[in-house]
Amino acid sequence: MTDRYAVFGNPIKHSKSPQIHAAFASSTDQDLTYEAICVPEDNFEGYVSDFLSGDGRGLNITIPFKQEAWALAEVRSPRAELAGAVNTLYRDDQGRLCGDNTDGVGMVRDIMRNNGGTIEGKKVLILGAGGAVRGVLQPVLEQKPELLVIANRTASKAKELAGLVTDLGKVSGGGYDELAGQSFDLIINGTAASLQGEIPPLPENVLAQGAWCYDMMYAAEPTAFCVWATEQGAEKSIDGLGMLVEQAAESFRIWRGLDPDSKTVISDIRAAITV
């Protein structure tokens, strides 16, 4: 029997996940299907139960269900526990519903493996204090940066996030106005402002010599944040398409125990969205 996988979200029609996982399955010779399913917001638990009680083997979860998936999971990985959100669900050998969060490790792998970057010993600034940022904090801190600063329009939210991970490294949080006089080796944009053509109010000279910039968002054209980074003299600016593919690859590893070829998939999707 062919194993079934899916991504649950609402809306979901623009999801790239079916294309990504079909490519992974083809490259690893796996017999599986993967579909995008729009789930009613008032019946997420029912859809999960029905899917995984049949021939469904695993689920990816996207907006607006990541927090609900976290609450539903009987067993959560440490990174999912800290993230407060789950994007990967499956049942273990004992039939327990297990939840993981692959977003952060996906971003870190894109920076390090696909682009040859480093985080260890770097001064890192993360913009935003929402769920997307919370989901990447542990994987970033596991790379042992010199320091990590979280900046947000509402300073209290940044400080609250920083407080969750102070035992993992040197971390602080505050408002954008507190960045004056500081410079960073890696700036990660975790806000959605870039897709509206906006960037957070960053001070001049916030980029250190040779700094890299990473936008967790992506689009057919360079995002506003990536354009800003280039204009400010960043050595490299990267959007989040690689993160999307790498978080999917980590889900695939969890489900199938195989390491798919992500670089080819990134190139193929990049070519498709820029036609």
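Every value quoted in this text rests on a predicted model; they were computed, and no experiment measured them.

Draft legend 1. Fine view of the layout of surface pockets. Each pocket or cavity is described by its volume, and for the largest pocket that value is around 1200 Å³. T62, I63, K66, M217 and L244 are, among the 40 residues lining the largest pocket, the residues nearest its centre. Ranked by the residues each element gives to the lining of the largest pocket, the list is headed by helix α10 (residues 241-256), at 4 residues. Per-class residue counts for the lining of the largest pocket are 18 nonpolar, 18 polar and 4 charged.

Draft legend 2. Geometry of the sheet that holds strand β5 (residues 88-91). Across the sheet, which stays open at both edges, the 6 strands sit in the order β2-β1-β3-β5-β6-β4 with mixed pairing between neighbours. Looking at strand neighbours, the two that pair on one side only are β2 (32-38) and β4 (75-76), the edges of this open sheet. In this structure, β4 lies alongside strand β6 (residues 97-100), joined through 2 bridges in parallel fashion. The residue bridging R76 from the neighbouring strand is G99, located in β6.

Draft legend 3. Examining the packing of helix α1 (residues 17-28) against α10 more closely. Between α1 and α10, the shortest axis-to-axis distance is 10 Å and the interhelical angle comes to 50°. Taken together, the axes of α1 and α10 are oblique relative to one another. Seen along the crossing, α1 lies across α10 with a hand that is right-handed. Residues I20, H21, F24, A25 and T28 of α1 lie in contact with α10, whose contacting residues are L244, V245, A248, A249, F252 and W255. The residue makeup of the contact of α1 with α10, split by class, is 9 nonpolar, 2 polar and no charged.

Draft legend 4. Examining the state of the cysteines more closely. Throughout the structure, instances matching the rule amount to 0 disulfides. Here C213 is not disulfide-linked; the sulfur of C226 is the nearest cysteine sulfur, at 7.9 Å. According to the relative accessible area criterion, C226 is buried, its value standing at 7%.

Draft legend 5. Spotlight on the packing of aromatic side chains. Within this structure, the stated rule accounts for 8 aromatic pairs. Each ring, one from F8 and one from Y47, has its centre 6.3 Å from the other, and the planes form 80°; the classification is edge-to-face. Of this pair, F8 sits in strand β1 (residues 3-9) while Y47 sits in helix α2 (residues 44-53), and the two are 39 residues apart along the sequence. Accessibility expressed as a relative area gives 30% for Y47, which makes it partly exposed. With a centroid separation of 6.5 Å and 40° between ring planes, the pair formed by Y34 and W255 is classed as tilted. Of this pair, Y34 sits in strand β2 while W255 sits in helix α10, and the two are 221 residues apart along the sequence. The same class applies to Y34 and to W255, which are both buried.

Draft legend 6. Seen up close, the nonpolar core. Of all hydrophobic cores here, the largest spans 28 residues; its most connected members are M107, I126, L137, I188, Y214 and M216. Elements with a minimum of two residues in this core: α5 (103-114), β7 (123-127), α7 (137-141), β8 (147-151), α8 (155-164), β10 (184-189) and β11 (207-215). I188 has contacts with M107, V124, L125, I126, L127, V140, Y214 and M216, leaving out every residue within four places of it along the chain.

Draft legend 7. Structural view of the packing of α5 against α10. At a minimum axis distance of 7 Å, the contact between α5 and α10 shows a crossing angle of 115°. In this structure, α5 crosses over α10, and the sense of that crossing is right-handed. On the side of α5, the interface is formed by D103, V105, G106, M107, R109, D110, R113 and N114, while α10 contributes G242, M243, E246, Q247, E250 and R253. For the contact of α5 with α10, the per-class residue count stands at 3 nonpolar, 4 polar and 7 charged.

Calculation notes
- Residues numbered from 1 in each chain as written.
- Predicted model: local features only at pLDDT ≥ 70, side-chain atom pairs only at ≥ 80, totals over all residues.
- Heavy atoms only, no water.
- 1 Å grid on protein atoms, 1.4 Å probe; cavity = no way out; pocket = protein on both sides within 12 Å on 5 of 7 lines; lining within 4 Å.
- Points joined across faces, edges and corners; volume = space filled by probe spheres on them.
- Helix = DSSP H or I, 4+ residues; strand = E, 2+ residues; numbered from the N terminus.
- Nonpolar A, V, L, I, M, F, W, Y, C, P; charged D, E, K, R; others polar.
- Pairing = 2+ DSSP bridges.
- Axes fitted to C-alpha atoms, helices over the stretch in contact; angles between N-to-C directions.
- Parallel < 35°, antiparallel > 145°, perpendicular 65-115°, else oblique.
- Left-handed = near helix turned anticlockwise from the far one by under 90°.
- Contact = heavy atoms within 4.5 Å.
- Disulfide = S-S within 2.5 Å.
- Buried < 20%, exposed > 50% of the residue type's maximum accessible area, 1.4 Å probe, protein only.
- Phe/Tyr/Trp six-rings, centres within 6.5 Å; stacked < 30°, edge-to-face > 60°.
- Core = buried A, V, L, I, M, F, W, Y, C linked by side-chain atoms within 4.5 Å.

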